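Inside the fold
What follows is the residue order along each chain.
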Amino acid sequence: MPAKKRQTKFIFVTGGVVSSIGKGISAASIAAIMEARGLKVTLMKLDPYLNLDPGLMNPLQHGEVFVTDDGAETDLDLGHYERFSSAVMTKNNSVTSGKVYWDVLERERRGEYRGRTIQVIPHITDEIKRRIALTAEGMDLCIVEVGGTVGDIEGLPLLEAIRQIRLELSRENTLFVHVTYVPYIRTAGELKTKPTQHSVMALREIGIQPDILICRSEKVMPPEVKRKISLFCNVHPDNVIAAIDVPSVYELPLGFIEEGLDSRISEQLQILAKDADMSDWKEIVDRMKRASKEVTVAIVGKYVDLHESYKSLNEALCHGGIANEAKVNIRFIEAGDIEKTSDCSGLLSGVDGILIPGGFGSRGGEGKILAISWARVNKVPFLGICLGLQLALIEFARNICGLQGANSTEFDPDSPYPIVNVPPESRESGEEIPPMRLGAFKCLLDEGSLAHRLYGKKEIEERHRHRYEVSNELLGKLVDAGGLVISGIHTGERAKSAPPLPDGRRGVVDIIELKDHPFFFASMFHPEYKSRPRAPHPLFKGFIKAALNYSEERQRRLVRG
Ligand code: GLN
């Protein structure tokens, strides 16, 4: 007889009162504490909006687009999930209402519903449930975060689906966690529970009684406030969990343990598991608190008004700091501001490292090129990511090789030296918008290069998200000028149609470096997606180390006068 399949337990995380109260971080932290109890955990994000995925959404509105190994363009919360747990996210772990409707309507067009009327209940809700079941397969615990705030019209089908799952799987297999906000009213000197009461009321109206409340607040929550919330929201007082603002999000899992959240969850879900081993999380927090050194890194970009646009990058820099026991300050610089004065000295003074992140479109491009020149000439540690690599190459072509007008065809389709271009196979396909190179690709590193030294191995795998590639045809001119090193190439399928590299190898350029510079490194891939607090990415570790060296040197120079 086949062994009985173990029932996956579910935790559904909803949010109330306002957005941006850290629902994603809360879900991720629950994953961290339950993994620390030895459970096999996965997470999933259900987003109420109608876009098929966030791929085309403006980062200034929605924050960063997070990319998974399998090439899904997802909500940034999936980044939190991967940073806080060891779960590997795939295209199944991020679902939007748009995607659900799309699939149902495609099925309807194929006649699969045999002429029946298609309705939100049961057809849309069934599709949501199918997708949840698919992601949960083989897991001990599946944490499902519902995007948006309770009360939004568009979130209703998602909430209805999770309500049905509770009915089907019963209380010991499903748990509702509601993350809410308890504001502190300064004039009254009080924490106010009414908004929480109202959002719980809205949830109950649609048939969901939360089991646990995670109450975000900026002040310590006195027992009487917890009691009041418990009474009015019909939640056991032990299940009212306070989540006070902490200096670092990586303290949250420890805070949850202190509040007994892992025990509350285990009790209701009847999980028999060891106590949580939080030693690695304690180590991270200790390292952050021990940090005695400090560096400032400039991110020169065009989405700097919303720091969430560079979420994974900010975190990866923080991890680089953790690895070096240093505090990393980030100075966000609007590339357009550098363009206005054509001068970096003011905006970039006092920075110990310069980072040009990924980006799309030409706005601010010339300002970023000026910042790259500044880093190259003044030997300031430089890290270029995707667009950052493309622009570093353009800077080199123009200013070292004298190729005036060198550019990417993304910005100047008539450039005399299109050093960054649509790859040959996309050009031939004749599509107006070239397809993206998306997801994880292998990259081979050159023996003895900075890349090789940092990674400590010759083959790596990193995530990409771009349409344009370095044009091998023109690369010879740049390499001949000296100083430029192609230290990482992709030799897989995509390399087949590419013309040979200057040294005769078949490959697509993934990493460039400069000789005679302490740290000048740029990659076509986005290393930030794979950095974890428990495993800081080698590039960020190396970049921050170089920035620390630069900072010490800078201070010595100041003392010498
Ligand atoms: N816009 C560039 C491209 O599509 C760079 C993209 C990026 O930085 N991720 O190739």
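Here's what I pulled together on the structure shown here. (Residues numbered from 1 in each chain as written. Predicted model: local features only at pLDDT ≥ 70, side-chain atom pairs only at ≥ 80, totals over all residues. Heavy atoms only, no water.)

Turning next to the nonpolar core. One recurring pattern in soluble globular proteins is that nonpolar side chains are buried together. One finds Ile11, Ile30, Ile143 and Ile214 to be the most contacted residues of the largest nonpolar core, which totals 46 residues. Looking at which element gives the most residues to this core, the answer is helix H1 (residues 23-35), with 8 residues. Beyond its immediate stretch of four places on either side in the chain, isoleucine 11 contacts Ile30, Leu141, Cys142, Ile143, Val144, Leu175, Val177, Ile265 and Leu269. (Core = buried A, V, L, I, M, F, W, Y, C linked by side-chain atoms within 4.5 Å. Buried < 20%, exposed > 50% of the residue type's maximum accessible area, 1.4 Å probe, protein only. Helix = DSSP H or I, 4+ residues; strand = E, 2+ residues; numbered from the N terminus. Contact = heavy atoms within 4.5 Å.)

Turning next to the packing of H1 against helix H3 (residues 77-84). Packed helices, taken two at a time, are described by their axes: the angle between them and the distance between them. Between H1 and H3, whose axes approach to 8 Å, the crossing angle comes to 25 degrees. By the criterion of interaxial angle, the relationship of H1 to H3 is roughly parallel. Viewed along their axes, H1 and H3 form a crossing whose handedness is right-handed. Between H1 and H3, the contacting residues are Gly24, Ile25, Ala27, Ala28, Ser29 and Ala32 on the first element and Asp77, His80, Tyr81 and Phe84 on the second. (Axes fitted to C-alpha atoms, helices over the stretch in contact; angles between N-to-C directions. Parallel < 35°, antiparallel > 145°, perpendicular 65-115°, else oblique. Left-handed = near helix turned anticlockwise from the far one by under 90°.)

To continue, consider the pairing of strand E12 (residues 293-301). Within E12, 7 of the 9 residues are buried, which leaves it mostly tucked inside the rest of the structure. Where E12 lies against strand E13 (residues 326-334), 9 bridges are found, and the strand directions are parallel. Counted as the bridge partner of lysine 293 is alanine 326 from E13. Between the parallel pair E12 and E13, the chain is carried across by helix H12 (residues 311-324), and the sense of this crossover is right-handed. Pairing geometry for E12 and strand E14 (residues 353-356), over 3 bridges, is parallel. By the bridge assignment, isoleucine 299 is partnered in E14 with leucine 355. (Pairing = 2+ DSSP bridges. Right-handed = clockwise from strand over helix to strand, strands pointing away.)

The strand order across the open sheet formed by 3 strands is E16-E17-E20, and the pairing between neighbours is mixed. Each of the sheet's edge strands pairs with one partner strand only, and the pair in question is strand E16 (406-408) and strand E20 (469-470). Note that strand E17 (residues 417-421) and E20 share 2 bridges and pair antiparallel. Looking across to E20, one finds that asparagine 421 is bridged to glutamate 469. Of the strands in this sheet, E16, E17 and E20 touch helix H15 (residues 387-399), which is tilted by about 165 degrees from E16. Here helix H18 (residues 472-480) sits on the sheet in contact with E17 and E20, set at roughly 115 degrees to E17.

This next bit is on helix H8 (residues 223-233). Turning to H8, its buried residues number three or more, namely Val225, Lys226, Ile229, Ser230 and Cys233. Around the axis of H8, the buried residues are gathered within 140 degrees of arc, so they sit on the same side. In this structure, H8 carries Pro223, Arg227 and Leu231 as exposed residues pointing more than 90 degrees from its buried face. Close packing links the buried residues of H8 with strand E9 (190-191), helix H7 (194-205), strand E10 (212-217) and strand E11 (240-244). Of the residues one or two after H8, asparagine 234 is the one with positive phi, at around 65 degrees. (Arc of directions from axis to C-beta.)

Take histidine 490: it is sitting in strand E21 (residues 484-490). Here lysine 442 takes part through its backbone oxygen, which lies 2.7 Å from a polar atom of the side chain of histidine 490. In terms of polar contacts, histidine 490 uses its side chain to reach the backbone amide nitrogen of glycine 492, at 3.4 Å. Beyond its immediate stretch of four places on either side in the chain, histidine 490 contacts Arg437, Phe441, Lys442, Ala495, Gly507, Val508 and Asp510. (Polar contact = N/O pair within 3.5 Å; in protein donor to acceptor, adjacent residues only side chain to side chain.)

Let's shift gears to the pattern of salt bridges. Within this structure, the stated rule accounts for 50 salt bridges. Glutamate 127 serves as the salt-bridge partner of arginine 130, at 3.0 Å between the closest nitrogen and oxygen. Of this pair, arginine 130 and glutamate 127 both sit in helix H5 (residues 120-136), separated by 3 residues, roughly a single helical turn. Take arginine 130: its relative accessible area is 40%, and that puts it in the partly exposed class. Overall, glutamate 127 belongs to the buried group, its relative accessible area being 2%. Arginine 287 serves as the salt-bridge partner of glutamate 325, at 3.8 Å between the closest nitrogen and oxygen. Residue glutamate 325 is found in the loop between H12 and E13, and its partner arginine 287 is found in helix H11 (residues 279-290); the two are separated by 38 residues along the sequence. Taking the relative accessible area as the measure of exposure, arginine 287 reaches 23% and is therefore partly exposed. Linked through salt bridges whose partners overlap, the residues forming this network are Lys23, Lys45, Asp47, Asp75, Asp77 and Glu145. (Salt bridge = Lys/Arg side-chain N within 4 Å of Asp/Glu carboxyl O.)

A word on the packing of H12 against helix H19 (residues 538-560). One can describe the packing of H12 onto H19 by two numbers: an axis separation of 8 Å at closest approach and a directional angle of 65 degrees. Between H12 and H19, the angle falls in the class roughly perpendicular. Here the hand of the crossing between H12 and H19 comes out right-handed. Residues Leu313, Ala316, Leu317, Gly320, Gly321, Ala323 and Asn324 of H12 pack against Phe540, Lys541, Phe543, Ile544, Lys545 and Leu548 of H19.

Moving on, we come to the sheet that holds E12. Two orientations exist for strands paired in a sheet by backbone hydrogen bonds: parallel and antiparallel. Read from one edge of the open sheet, 9 strands run E13-E12-E14-E15-E23-E22-E21-E18-E19, paired in mixed fashion. Two strands close off the open sheet at either side, each with one partner strand: E13 and strand E19 (459-466). Geometrically, the sheet is characterised by an average inter-axis angle of 25 degrees between neighbouring strands, direction not taken into account. When E21 meets strand E22 (residues 508-514), the two strands line up antiparallel, connected through 6 bridges. Considered in E22, the bridge of glycine 488 is made with isoleucine 511.

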